[in-house]
Amino acid sequence: MSAQLKVYNSLTRQKEIFKPINEGAIGMYVCGPTVYSDVHLGNCRTFVSFDVIYRYLLHLGYKVRYVRNITDVGHLEGDADTGAEDKISKKAKLEQLEPMEVVQKYMNGFHDMMAVFNTLKPSIEPRATGHIVEQIEMVQSIIDNGFAYEKNGSVYFDTVKLAKEGDYGKLSGRVIEELLVETRDLKNQDEKRHPSDFAIWIKAAPEHLMHWNSPWSVGFPGWHLECSAMSTKYLGNNFDIHGGGNDLKFPHHENEIAQNYGSCNCQPANYWLHTNMLLMNGKKMSKSIDPETGISNSIAPGELFTGDNPNISKGYSPMVVRFFMLQSHYSSTLDLTDAALSAAEKAYRRLMEGNKVLQELSPTGKESAGDLDKEINDLIDLAFAEMSDDFNAPKALARLFELVPKINGLKAGHLAFDQIAVSTIERLKTTFNTFIFDIFGLKDDTIAGGGDGEYETLDGLMQMVIKIRQNARQNKDWGTADTIRDTLKALKLQLKDGKEGTEWSKE
Ligand code: AMP
Ligand code: ZN
């Protein structure tokens, strides 16, 4: 029996007993990536965290509709809402591509990476550009309800009106007076009645590549609006869970709440879950070069797997990285260091080895039970209770690690089977498989060259490395291409370029 599920709700700033709107079913919306560049390891941390949450809800027997969007228009540079360039348009001009080519390229890369990390696909993955009609309708209803106004073809949300009704700022705790001071002096700010108002429809400048007809102008929707429109379309006016990284709390999620209130006088999600940021060596990941060390405090997922980065001593497999992510609670910062990854690798192997030993145990004892039996059942109950306490994967993992010495003790004969009921051994076997594979979403990549799914993981990884090398060659980045080839050689992996593309093999 699992304990009652509790979640930390950012909206109320407290842990609450989780009660779905419709018994047995859950609607969950998670803000997806803006696909204008290669997926960042920080993004991966957030999506792996929500993958574990999704998996645990499924384990509890809920029917979950998991919606995770793709932002392919409207996200402006610096998270601005006016006067800045659209991230995707900018990249398209830079690379001389169609904006949709940029979107497709990085969305494919994102999907590949999600597969490498063994995340489950969402139930629906809506794209902002596919929901322009819904967004225009929502802007119209916000105007009709008196919460937005048009100025020179753009439409702005009236935060002051909402604040008067006592609601703007409830998620982030910001108050409108502070926002007045904070808001930067951006182009078109003068169109707003108040600096904290934000654009929900933006009139496109002539050079803007992506634009649509609307009652107000040829333009494009604001970034915040897409999530309000798409969550409403697929999950209804009021749904259970809304998630994202905690850097999105303000303004993105605050403004989503405002828009939903403005369009239908409703609160979108009952529970707001926020993941914390990924750091490296105790500092925010950043691509800029540190003048002291001469290296940048950042690492791409591909580099993490190949070891081709000065911040790490060797490559770590995707499952080791996933395991590393499980070792901290989703709402705590996670500090990526070489030492922590190396420790995670050892712990991951110990868990996998422990499970292998466990699955091969064949108890011959009678149906009797002693203290050891109770101890094992209590630890199993505790592991589930930890997961039900705001999805505390690191604590649940710790309980499994308390069980590993017992498994090894039984195998070595230090502990006697006649102290444990046969059914308890069976329960232990099921529990380990359920946690490791179903809830934590790990795969066993400790068996070199074999094992269930092992080849698929390696192949997925190699296909990604081949793509990175191809890109490097296209960009005449011979240094990266050579390092990839040399690193693979050291790992006894060969690449063969042919007419049909590049093939890989083990030496
Ligand atoms: P973006 O593509 O920037 O819109 O971000 C996609 C998701 O990744 C959002 O939920 C962000 O909050 C999250 N995210 C961005 N950077 C990090 C980071 N360093 N650590 C964890 N999550 C992040
Ligand atoms: Zn969003």
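Here the structure is a predicted model, which means the values were calculated and not measured.

Enquirer: I tried to follow empty space enclosed by the protein on my own but got confused; where do I start?
Expert: Taking a probe equal in size to a water molecule and rolling it over the atoms shows the remaining empty space. According to the stated counting rule, one finds 3 cavities of 30 Å³ or more in the structure shown. One number sums up the size of the largest cavity: a volume of about 110 Å³. Taken together, 13 residues make up the lining of the largest cavity; nearest its centre are Ser49, Val52, Ser328, Tyr330 and Ala393. Broken down by secondary-structure element, the contributors of at least two residues to the lining of the largest cavity are helix 1 (41–59), helix 10 (318–326) and helix 13 (393–412). The residues that make up the lining of the largest cavity include at least three from each of domain 1 (9–275) and domain 2 (283–439).

Enquirer: How should I be thinking about the packing of aromatic side chains in this particular structure?
Expert: Each aromatic ring pair is specified by the distance between its two centres and by the angle formed by the two planes. A complete count under the given rule lists 15 aromatic pairs for this structure. On the numbers, 5.7 Å between centres and 85 degrees between planes, the contact of Phe147 with Tyr261 is edge-to-face. Of this pair, Phe147 sits in the loop between helix 4 (132–144) and strand 5 (148–151) while Tyr261 sits in helix 8 (residues 249–264); the two residues are 114 residues apart in sequence, bridging distant segments of the chain. The pair Phe147 / Tyr261 is uniform in exposure class, with both members buried. Site record: aromatic cluster; members linked through ring pairs are Phe147, Phe157, Phe198 and Tyr261. Sitting over the ring of Phe147, Lys161 keeps its end group 4.9 Å from the ring centre. We note Arg174 situated over the ring of Phe250; from NZ or CZ to the ring centre the distance is 4.3 Å.

Enquirer: Help me out: how do you make sense of the pairing of strand 10 (residues 269–275) in this one?
Expert: Burial analysis of strand 10 places 6 of its 7 residues in the buried class, which makes it a mostly covered element. Note: strand 9 (residues 239–245) against strand 10, 6 bridges, orientation parallel. Each bridged residue has a counterpart across the sheet, and for Gly245 the counterpart in strand 10 is Thr275. The parallel pair strand 9 and strand 10, bridged by helix 8, forms a crossover whose chirality is right-handed.

Enquirer: What is the right way to look at the domain arrangement of the protein in this model?
Expert: Interface size is commonly expressed as the accessible surface area that is lost when the partners come together. Here the domain parsing of the protein yields domain 1 (9–275), domain 2 (283–439) and domain 3 (452–506). A straight line from the C-alpha centre of domain 2 to that of domain 3 covers 29 Å. Counting residues at the interface gives 5 residues for domain 2 and 6 residues for domain 3. With both chains or domains summed, domain 2 and domain 3 bury close to 560 Å², and 83% of this area falls on carbon and sulfur atoms. Its largest share of buried area at the contact with domain 3, domain 2 owes to Phe305, Thr306 and Asp308, together 68% of the area lost on that side. Where domain 2 touches domain 3, the interface holds 0 residue pairs in polar contact (both at pLDDT 80 or more). Counting residues per element, the side of domain 2 that touches domain 3 draws most heavily on helix 9 (residues 301–306), which supplies 3 residues. In the side of domain 2 that touches domain 3, the residues fall into 2 nonpolar, 2 polar and 1 charged.

Enquirer: Is there a simple way to think about the coordination of the zinc ion (ligand 2) in this case?
Expert: For a metal bound by four donors in tetrahedral geometry, the ideal donor-metal-donor angle is 109.5 degrees, whereas six donors in octahedral geometry ideally sit at 90 or 180 degrees. Donor atoms from the polypeptide that bind the zinc ion (ligand 2) are Cys31 (SG), Cys227 (SG) and His252 (NE2), placed at 2.0 to 2.2 Å. The sequence motif formed by the donor residues of the zinc ion (ligand 2) is C-x195-C-x24-H. With Cys227 in helix 7 (residues 223–235) and His252 in helix 8, this residue pair connects regions lying 25 residues apart in the sequence. Look at His252 and you get buried, because its relative accessible area is 1%.

Enquirer: Looking at this model, I keep getting lost on the pairing of strand 6 (residues 154–157). Mind explaining?
Expert: For a regular strand, side-chain orientation follows a simple rule: the groups alternate between the two sheet faces. Side chains Ser154 and Tyr156 of strand 6 all project onto a buried face; the interleaved residues Val155 and Phe157 project onto the opposite face, where all are buried too. Sheet topology places strand 5 next to strand 6; 4 bridges connect them, and they run antiparallel. Of the residues in strand 6, the one forming a bridge with Ala148 is Phe157. Two successive antiparallel strands, strand 5 and strand 6, enclose a turn made up of 2 residues, where Asn152 displays a positive phi of approximately 50 degrees. The pairing of strand 6 with strand 7 (residues 198–203) spans 3 bridges and is classified as antiparallel. Bridge pairing links Val155 to Trp201 in strand 7.

Enquirer: I'm lost on the site of ligand 1 in this one. Help?
Expert: Close to ligand 1 lie 17 residues, the nearest being Thr34, Thr46, Gly245, Asp247 and Leu278. At 2.4 Å from an oxygen atom of ligand 1 is found a side-chain nitrogen or oxygen belonging to Asp247. Elements supplying a minimum of two residues to the shell around ligand 1: helix 1 and strand 9. Counting residues per element, the shell around ligand 1 draws most heavily on helix 1, which supplies 4 residues. Its residues assigned to classes, the shell around ligand 1 shows 6 nonpolar, 10 polar and 1 charged.

Enquirer: Explain the packing of helix 10 against helix 11 (residues 338–360) to me, please; I cannot follow it from the model alone.
Expert: Helix-helix packing is described using two parameters, namely the angle between the two axes and the distance between the axes. Between helix 10 and helix 11, the shortest axis-to-axis distance is 9 Å and the interhelical angle comes to 100 degrees. With respect to helix 11, the element helix 10 is oriented roughly perpendicular. Between helix 10 and helix 11, the contacting residues are Met319, Val320, Phe323 and Phe324 on the first element and Ala340, Leu341, Ala344, Glu345, Ala347, Tyr348 and Leu351 on the second. Of the residues in the contact of helix 10 with helix 11, the class split is 10 nonpolar, no polar and 1 charged.

Conventions and cut-offs
Residue indices follow the written sequence of each chain, beginning from 1 at its first position. As they are written, the chains are lettered A onward and the ligands numbered 1 onward, keeping that order. Where local features are concerned, this predicted model is filtered to residues with pLDDT of at least 70; where side-chain atom pairs are given and counted, the filter is 80 or more; whole-chain, interface and lining totals use all residues. Here the side-chain values reflect all heavy atoms present in the structure, with hydrogen atoms and water set aside. Think of a 1 Å grid over the protein atoms and nothing else: a 1.4 Å probe that fits but is trapped marks a cavity, an open set flanked by protein within 12 Å on at least five of seven lines marks a pocket, and residues with an atom within 4 Å of a point count as lining. Grid points are joined across faces, edges and corners, and a volume is the space filled by probe spheres set on the points. Starting at the N terminus, helices and strands are each numbered in turn, a helix being any DSSP run of H or I of at least four residues and a strand any DSSP run of E of at least two. Boundaries of every domain are those given by an automatic assignment or by a domain database. Classification of ring pairs rests on two measures: the distance between centres of Phe, Tyr or Trp rings, Trp counted by its six-membered ring, which must be within 6.5 Å, and the angle between planes, read as stacked under 30 degrees, edge-to-face over 60 and tilted in between. Think of it in three bands: residues with accessible area under 20% of the maximum for their type are buried, residues over 50% are exposed, and the middle band is partly exposed, with areas taken using a 1.4 Å probe on protein chains only. Ring-over charges, as used throughout, are those where CZ of Arg or NZ of Lys falls within 6 Å of the ring centre and within 35 degrees of the ring normal. Between any two strands, at least two bridges found by DSSP are needed for them to pair. The crossover handedness rule: strands pointing away from the viewer, path from first strand over the helix to second strand clockwise, crossover right-handed. Any two residues whose heavy atoms approach within 4.5 Å at even a single point are treated as in contact. A 1.4 Å probe defines the accessible area here, and the buried area is the portion of it lost by two parts on being joined, summed over both. Counting of polar contacts relies on pairs of N or O atoms within 3.5 Å, with two restrictions inside protein: one atom must be capable of donating a hydrogen and the other of accepting it, and residues adjacent in sequence are counted only when both atoms are side-chain atoms. Side-chain classes are defined by residue name, with Ala, Val, Leu, Ile, Met, Phe, Trp, Tyr, Cys and Pro counting as nonpolar, Asp, Glu, Lys and Arg as charged, and the others, Gly among them, as polar. Each metal's donors comprise the N, O and S atoms found within 2.8 Å of it (within 3.2 Å for Na, K or Ca). Water is not part of the atom list, so some coordination spheres may appear incomplete. Any residue with a heavy atom positioned within 4 Å of a molecule or strand is treated as near that molecule or strand. Every axis in this analysis is a line fitted to C-alpha atoms, fitted for helices over the stretch in contact. Angles between the N-to-C directions lie between 0 and 180 degrees. Roughly parallel means an angle under 35 degrees; roughly antiparallel, over 145; roughly perpendicular, 65 to 115; everything else is oblique.

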